[in-house]
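# Observations on the three-dimensional arrangement
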2 protein chains.
Amino acid sequence: MPLGPFELPAAADFHVHLRDGPMSAAVVPTIRRGGVNIAYVMPNLVPPVTSVSQAMEYKARLEAVDPSVAYLMTLYLHESITPEVVREAKMASISGIKSYPAGVTTNSSSGVLSYEPFYPVFAAMEECGLVLNLHGEIPSDQKQGITILNAESKFLPTLKLLHSKFPRLRIVLEHCSTKDAVEAVRACGDTVVGTLTCHHLFLTVDDWAGEVFSFCKPVAKTPEDRTALLHALVASKGKFFLGTDSAPHDISAKKGKGKTAAGVFTQPYACQLTMTALEEAIERGEIKESDVTQELLEGFLGGYGRRFYGVEDRSGQRIRLSKGQEVVSGNIVGEGVEVVPFRSGQQTWTVEWI
Amino acid sequence: MPLGPFELPAAADFHVHLRDGPMSAAVVPTIRRGGVNIAYVMPNLVPPVTSVSQAMEYKARLEAVDPSVAYLMTLYLHESITPEVVREAKMASISGIKSYPAGVTTNSSSGVLSYEPFYPVFAAMEECGLVLNLHGEIPSDQKQGITILNAESKFLPTLKLLHSKFPRLRIVLEHCSTKDAVEAVRACGDTVVGTLTCHHLFLTVDDWAGEVFSFCKPVAKTPEDRTALLHALVASKGKFFLGTDSAPHDISAKKGKGKTAAGVFTQPYACQLTMTALEEAIERGEIKESDVTQELLEGFLGGYGRRFYGVEDRSGQRIRLSKGQEVVSGNIVGEGVEVVPFRSGQQTWTVEWI
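Conventions we followed
Residues take numbers from 1 onward in each chain, read along the sequence in its written order. As a convention, the first chain written is A and the first ligand written is 1, with the rest following in written order. Residues qualify for local features only when their pLDDT is at least 70, as the model is predicted, and side-chain atom pairs are given and counted only at 80 or more; totals for whole chains, interfaces and linings, by contrast, use all residues. Only heavy atoms go into the side-chain values, all of them from the structure, while hydrogens and water stay out. Buried means the residue's accessible area, taken with a 1.4 Å probe over protein chains only, is under 20% of the maximum for its type, while exposed means over 50%, and partly exposed covers the values in between. Only runs of H or I of at least four residues qualify as helices and only runs of E of at least two qualify as strands under DSSP, and these elements are numbered from the N terminus. Two strands are said to pair when DSSP picks up at least two bridges between them. A clockwise course of the path from the first strand over the helix to the second, judged with the strands pointing away from the viewer, identifies a crossover as right-handed. When the copies are superposed, the least-squares fit draws on C-alpha atoms of residues that have pLDDT of at least 70 in both. Here, two residues are considered to be in contact whenever any of their heavy atoms come within 4.5 Å of each other. The directions considered for the arc run from the helix axis to the C-beta atoms. pLDDT is defined as a per-residue confidence score from the predictor, taking values between 0 and 100. Stacked, tilted and edge-to-face are the three classes applied to pairs of Phe, Tyr and Trp rings, where Trp contributes its six-membered ring and a pair requires centres within 6.5 Å; stacked means planes under 30 degrees apart, edge-to-face means over 60, and tilted covers the rest. Two conditions define a charge sitting above a ring: the NZ of Lys or the CZ of Arg must be within 6 Å of the ring centre, and it must be within 35 degrees of the ring normal. Put simply, buried area is how much 1.4 Å-probe accessible surface two parts lose in total, over both of them, once they are put together. A carboxyl oxygen of Asp or Glu within 4 Å of a side-chain nitrogen of Lys or Arg is what we treat as a salt bridge. Counting of polar contacts relies on pairs of N or O atoms within 3.5 Å, with two restrictions inside protein: one atom must be capable of donating a hydrogen and the other of accepting it, and residues adjacent in sequence are counted only when both atoms are side-chain atoms. Counting rule applied: Lys, Arg positive; Asp, Glu negative; His and chain ends not counted. Note on method: axes are straight lines fitted to C-alpha atoms, helices fitted across the in-contact stretch only, with angles between N-to-C directions ranging 0 to 180 degrees.

### Here's the deal with the pairing of strand β8 (residues 192-196) of chain A
Residue and element names in this part refer to chain A.
- Burial analysis of β8 places five of its five residues in the buried class, which makes it a mostly covered element.
- In β8, alternate side chains face the same way, and those of V192, G194 and L196 on one face and V193 and T195 on the other are all buried.
- Bridge analysis of strand β7 (residues 171-173) against β8 gives three bridges, and the strand direction is parallel. The residue of β8 that forms the bridge with V172 is V193.
- Between the parallel pair β7 and β8, the chain is carried across by helix α6 (residues 179-187), and the sense of this crossover is right-handed.
- For β8 and strand β9 (residues 240-242), the ladder comprises three bridges, and the chain directions are parallel. By the bridge assignment for β9, L196 is matched with L242.

Here is the structure:
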């Protein structure tokens, strides 16, 4: 029996990169194409969003492009973030603070070298109810045998430490890419959850080796890891939900250079690709068709995340997900920018607003 | 104390891709720039070199470009290769037969699916004294958990099986990239050796992720694997020697596309990069300066391989390797082709013919 169609509340994407300027103007209008009306916005602009006023101004710029999306704003964890800034952020309805280890991904050069200096900030976040979003990788270190392959696994003791020090602090381990990460999130209490991207539900190491439009951080790992992510999704019960980490880069930064920018662009197909990945996993026998229930999709594509963040969708907007003949369309083109979507030209599911 | 300079017999490169036509015309003249006067030529043209006459014609084309290099020719293991072809090859002074598993690297679509049908061929090779050159990877298979990361390790039982079935057959495990491969070669008898490329002495997985000019097959693995290769080199005693696997691709095949061709071009810097890699390994404390002896370099850069293949260099040509201010120069440009060398713009050692 074919999967779906499914009619659901509008989806939420709890990890998006919307950039700024012409790139933002090009990609913000694609959010709703993915069936999404709430976007949790990453703060890694250049320079990073480290103050409440910067975040509010950024939000206003996003709303000017598409006012029909709710933007949940974040700050970039940085030495200028103090407990006072945390309280100010809470007053301004900023949702969370994102931690990037220094140097591990796009625009992370202002990132964290050590977590301990931020303990007073984490304590204030715990008290105020701000969410800590973790890019869960440690920087590569050849002497220590740390590479992009085990960078996430090696980060997990830090996740567990922060959770034990701040048990009421809500923490999201972003873009889980390994079986180890899934197990670590499961082993923590209810205040710790993980996001899953669409692309990590498709990719393994073979797919991004020499394929620039599938290269991202954290890198996709082994088939066993991918299976663990798919199992985490279907067994989520709120512990894992969608955060696409859609990361647009101009085509010149992806294929015009010897060194390729890390990031996969999935924004216009957030729900569609999730459904396609689930369907392919069913075909491979990794999950069962009966795993993909209405309840699961309502939760994974929005409900679980909204509940975790405490944001309601009062819009009443709904979407219909179905498998038709749609293919991932051509590049997103803006003023001086051009972005190649993930799985360009390949078949995918369809979203309709109903 | 600075390393070198060293004066040595001309070097030998026991694994080169010289292509054909304009690409060949561009890269063949760079062989001697790397201090090399004997090149062991891979047969993966399109179509592959599967007959003695093709190999002889190919050799003549290479000699027409640069007659000052000795070209050792190979055939591509393929269903058209019979014991009769082996004997004919021996008569024509063809040195070996290269086995590519189907589909694992550039121009391997005609490759081997199963080794057992070739046992009569291997028996004839053992009898005649032809060398079997193995691309030691098995094709990725997601269901079996086989990826480009463990493809070499998973191949090693095949190496051991072939060695046990044909103990007098000389076998080269080409471009060893893992600790596992080094250990497997060491565990075999004297008829089994391994080649090491320059680039695997530099690279780990972090270096080729998103860096198209460092992407090759087999992919570079972990720092521990790289250390094992460096230790294999300095402890070689004839078991490991240089085969650069220099693999030129036009710049458009490397960075002009979403999908990047696998291959690193090191031909003009074969000896220079080897020395630079050894120097960097000394700086990292992975090997000792006293490991890099005159005897080791004479062996690794030529003597060990010549002895294994039974080819003498009667030219008396000698080279001098020294560390100066040389940097890897710009792209190699030919008629409609342009090739970016590995570590372009970075400092390297110098070769002089003396």
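### Examining the relation of the copies chain A and chain B
- Least-squares fitting of chain A to chain B yields an RMSD of 0.0 Å, with the transformation described by 0.0 Å of translation along the axis and a rotation of 180 degrees. Viewed as a symmetry operation, the transformation between the two copies matches a two-fold axis. When C-alpha positions in chain A are compared against the rotation axis, the closest is assigned to K255 of chain A, at 2.7 Å.
- Both copies present the same face, since 100% of the interface residues in chain A are matched by interface residues at the equivalent positions in chain B.

### Section: helix α4 (residues 119-128) of chain B
Residue and element names in this part refer to chain B.
- In terms of residue burial, α4 counts as a mostly covered element, since seven of its 10 residues are buried.
- The secondary structure elements touched by the buried residues of α4 are α3 (83-91), β5 (96-99), β6 (131-134) and α5 (151-165).
- Two residues or fewer after α4 comes G129, characterised by a positive phi angle close to 90 degrees.

### A closer look at helix α3 (residues 83-91) of chain A
Residues and elements named next belong to chain A.
- Listed in full, the buried residues belonging to α3 are V85, V86 and A89. Projection of α3 onto a plane perpendicular to its axis shows the buried side chains occupying an angular sector of 105 degrees, all on one side.
- Looking at the buried side of α3, the elements it contacts are α2 (52-65), β4 (70-76), β5 (96-99) and α4 (119-128).
- Following α3 by one or two positions, S93 adopts a phi angle in the positive range, close to 60 degrees.

### Brief notes about the confidence of the model for chain A
- Scored by pLDDT, chain A has a mean of 95; 99% of the residues are at 70 or more.
- Model confidence for the complex: the whole-complex pTM is 0.95, and ipTM, which rates the interface, is 0.92.

### Some details on the packing of aromatic side chains
- Within the structure shown, the criterion is met by 31 aromatic pairs over all chains.
- For the ring pair F241 of chain B and F308 of chain B, a centre distance of 6.1 Å and an interplane angle of 45 degrees mean the geometry is tilted. Residue F241 of chain B is located in strand β9 (residues 240-242), and its partner F308 of chain B is located in helix α11 (residues 294-309); the two are separated by 67 residues in the primary sequence.
- Owing to a relative accessible area of 11%, F308 of chain B belongs among the buried residues under this scheme.
- Of the aromatic side chains, those joined through ring pairs into one cluster are F14, Y40, F241, F308 and Y309 of chain A.
- Across the ring face of F308 of chain A, the terminal group of R170 of chain A is positioned such that the distance to the ring centre comes to 5.8 Å.

### Some thoughts on the interface of chain A and chain B
- Between chain A and chain B, the contact holds 27 residues from the first and 27 residues from the second.
- Taking both sides of the interface into account, the surface hidden between chain A and chain B amounts to around 2,300 Å²; carbon and sulfur atoms contribute 58%.
- In terms of surface lost to chain B, no three residues of chain A exceed Q142, D206 and G210 of chain A, which account for 23% of the buried area on that side.
- At the junction of chain A and chain B, the tally comes to zero salt bridges.
- Applying the counting criterion to the chain A and chain B interface returns 10 residue pairs in polar contact (both at pLDDT 80 or more).
- Those elements giving two or more residues to the side of chain A that touches chain B turn out to be α7 (205-208) and α8 (223-234) of chain A.
- Per element, the largest residue contribution to the side of chain A that touches chain B is four residues, and it comes from α7 of chain A.

### Some thoughts on the side chain of K254 of chain B
Residues and elements named next belong to chain B.
- Among the structural elements, K254 can be located in helix α9 (residues 251-255).
- Buried within the structure, K254 lacks any salt-bridge partner; E211 is the closest side chain of opposite charge, at an N-O distance of 8.1 Å.
- Of note is the side chain of K254, whose polar atom sits 2.8 Å from the backbone oxygen of V212.
- Not counting the four nearest positions on each side in its chain, K254 is found in contact with V212, F213, F215, H249, T260, A261, A262 and G263.

### As for the sheet that holds strand β13 (residues 350-353) of chain B
Residues and elements named next belong to chain B.
- The antiparallel open sheet is built from three strands, whose spatial order is β1-β10-β13. Two strands close off the open sheet at either side, each with one partner strand: β1 (6-9) and β13. The average angle at which neighbouring strand axes cross in this sheet is 30 degrees, direction not considered.
- As paired elements, β1 and strand β10 (residues 318-322) share four bridges and run antiparallel to each other. Bridge pairing in β10 links P9 to R318.

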